[in-house]
Amino acid sequence: GDEEAQQAFDELIERDQRIEPRDWMPDAYRKTLIRQISQHGHSEIIGMQPEGNWITRAPSLKRKAILMAKVQDEAGHGLYLYSAAQTLGISREEMMQQLISGKAKYSSIFNYTTPTWADMGAIGWLVDGAAICNQVPLCRASYGPYGRAMVRICKEESFHQRQGFEILLELMAGTEAQREMAQAAVNRWYWPALMMFGPPDDESPNSAQSMAWKIKRFSNDELRQRFVGMLVPQAEVMGVTLPDPNLKWNEERQAYDMSPIDWTEFHEVLAGRGPANHERLRRRREAHEAGAWVREAAAEYARKQAERAEG
Ligand code: 3HC
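Residues numbered from 1 in each chain as written. Predicted model: local features only at pLDDT ≥ 70, side-chain atom pairs only at ≥ 80, totals over all residues. Heavy atoms only, no water.

A. Structural view of the site of the ligand. Every one of the 32 residues lining the ligand counts as a neighbour, but Gln39, Lys105, Ser108, Ser204 and Lys216 are closest to it. Lys216 is positioned with one of its side-chain polar atoms (N or O) 2.7 Å from an oxygen atom of the ligand. Contact distances for the ligand include 2.9 Å between an oxygen atom and a side-chain N or O atom of Asn220. If you list the elements that add at least two residues to the shell around the ligand, you get helix 2 (27-46), helix 6 (118-135), helix 7 (144-172) and helix 11 (263-273). Tallying contributions element by element places helix 2 first for the shell around the ligand, with six residues. (Near = heavy atom within 4 Å. Polar contact = N/O pair within 3.5 Å; in protein donor to acceptor, adjacent residues only side chain to side chain. Helix = DSSP H or I, 4+ residues; strand = E, 2+ residues; numbered from the N terminus.)

B. Quick look at the pattern of salt bridges. Applying the stated criterion across every chain yields a total of 20 salt bridges. For Arg152, the salt bridge goes to Glu156, with nearest N and O atoms at 3.3 Å. In this pair, Arg152 and Glu156 both sit in helix 7, four residues apart, roughly one turn of the helix. The shortest N-O distance in the salt bridge between Glu279 and Arg283 comes to 3.9 Å. Of this pair, Glu279 and Arg283 both sit in helix 12 (residues 277-290), four residues apart, roughly one helical turn. Residue Glu279 is classed as partly exposed on the basis of its relative accessible area, which comes to 29%. Accessibility expressed as a relative area gives 43% for Arg283, which makes it partly exposed. Here the salt bridges do not stand alone but share partners, grouping Glu51, Lys70, Glu74 and Asp128 into one network. (Salt bridge = Lys/Arg side-chain N within 4 Å of Asp/Glu carboxyl O. Buried < 20%, exposed > 50% of the residue type's maximum accessible area, 1.4 Å probe, protein only.)

The following block contains the structure:
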């Protein structure tokens, strides 16, 4: 009965083993995974836009090729994640409807604009850096298809992070105007990147249960703190300044002290009032509608193949 199934599930979690699609799982576990994995997939898909914006204007052929590869990786991550969510019983169509109707959440970070080439550097360094910090522990998530998807995704994210670091490094070795452009981009993306980790622990409704289920392994604040610790030495190498005058190592706490985060901004962006929310959804909707004929053709092709197979 259900009690036995629940016990088997609890034991798998307790022993750090994996839950697979055909295993029994509590409804709330299924629901929270669908929520997190679909939001994560949507973030990758919407995340193609701020950088896609620069593909036609990349400063060299080499930069263009790298940027195209990165944006394609993001498409791949999105599809991987949608497939992982589908193993839990939600359809691709339903997820897409949730996204284009504006009902689904996706990461706040992709609602910021990319006015200069240096934003490509800052996104790679800060946004993909934050993504790695958050996602490496997710490789051990208790749900098998999600954890396994994360392994490949994290490898590609490290390439993304390095290409961003390298863009900024090169700009910082350039002219005064290039250094200023790099620093301005870091100033724009630093705080929004810290917000990617989610609300502070005492305001994070899902954390406790997700940690008990071993979906999340660390809290939002723990990962945010780890991220800042990773950035400080890298900023020094590049010669950029992290835009927080109160950022300081605290020997006693063995952690960085920092200025409070402007959570009002975070909530505004989540409510749809960030700098580019409207534009991101509009573009996504247009792309979905423009792609209707591809979906129809693919479905028709599949139907004909099946008909032929039946003889
Ligand atoms: N942007 C938008 N929504 C956010 C958010 C953010 N930065 N941080 C938290 N939220 C939402 C949560 O989704 C949750 O909403 P819901 O309950 O309505 O679904 C609510 O705020 C409360 O937050 P919690 O801390 O309780 O939620 P979680 O326990 O789910 O933790 C999380 C939030 C840490 C983002 C977690 O969901 C997670 O680790 N997700 C997987 C990683 C991910 O989605 N990354 C996306 C950005 S990185 C990326 O896409 C890669 C790049 O290369 C394109």
